[in-house]
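Fold and contact review
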Amino acid sequence: MALNIVESCVSCWACFDVCPSEAISSAPTQFLIDASKCTECDGVFSEQQCASICPVEGAILLADGSEANPPGSLTGITPQCMLEAMCEIQAR
Ligand code: SF4
Ligand code: SF4
């Protein structure tokens, strides 16, 4: 099983150097994980290093397809919070 980087990746390079398996590479529009090399960091780290360091919510998917850093997990701004703020602004 492997993690996956999706289009919201901003190509910041943060994950590139922390991968113990050299599974991450750059590509024209986003970084990519080679599924044949990704070990999910098993046996080396207790946390998947790419997901731990990635600053973009939703840019990395876990092996089960769920977001490693779902909305609100890094910024503290949950989708509900954002919705309430937008409603408040629009009501002004
Ligand atoms: S989960 Fe670990 S091995 Fe897989 S790409 Fe991320 S850092 Fe590399
Ligand atoms: S750390 Fe996240 S945003 Fe940065 S290159 Fe890796 S996947 Fe893309």
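All figures in this text were calculated on a predicted structure; none of them were measured in a lab. (Residues numbered from 1 in each chain as written. Chains lettered and ligands numbered in written order. Predicted model: local features only at pLDDT ≥ 70, side-chain atom pairs only at ≥ 80, totals over all residues.)

Attention shifts here to the site of ligand 1. Taken together, 14 residues lie near ligand 1, and Cys19, Cys38, Cys41, Gln48 and Cys50 sit nearest. Class assignment for the residues of the shell around ligand 1 results in 9 nonpolar, 4 polar and 1 charged. (Near = placed C-beta within 6 Å. Nonpolar A, V, L, I, M, F, W, Y, C, P; charged D, E, K, R; others polar.)

By nearness alone, 14 residues border ligand 2, and Cys9, Cys12, Ala14, Cys15 and Cys54 come closest of all. Here the residues of the shell around ligand 2 sort into 13 nonpolar, 1 polar and no charged.

Our focus in this paragraph is unusual backbone geometry. Of note, the phi angle at serine 11 is positive, near 55 degrees, even though the residue is not glycine. You can see serine 11 is positioned in the loop between strand E1 (4-5) and strand E2 (24-26). The class for serine 11 is partly exposed, based on 15 C-beta atoms found within 10 Å. A positive phi is found at tryptophan 13, a non-glycine position, where the angle reads about 75 degrees. Relative to the helices and strands, tryptophan 13 resides in the loop between E1 and E2. (Helix = DSSP H or I, 4+ residues; strand = E, 2+ residues; numbered from the N terminus. Buried ≥ 20, exposed ≤ 12 C-beta atoms within 10 Å, placed from the backbone.)

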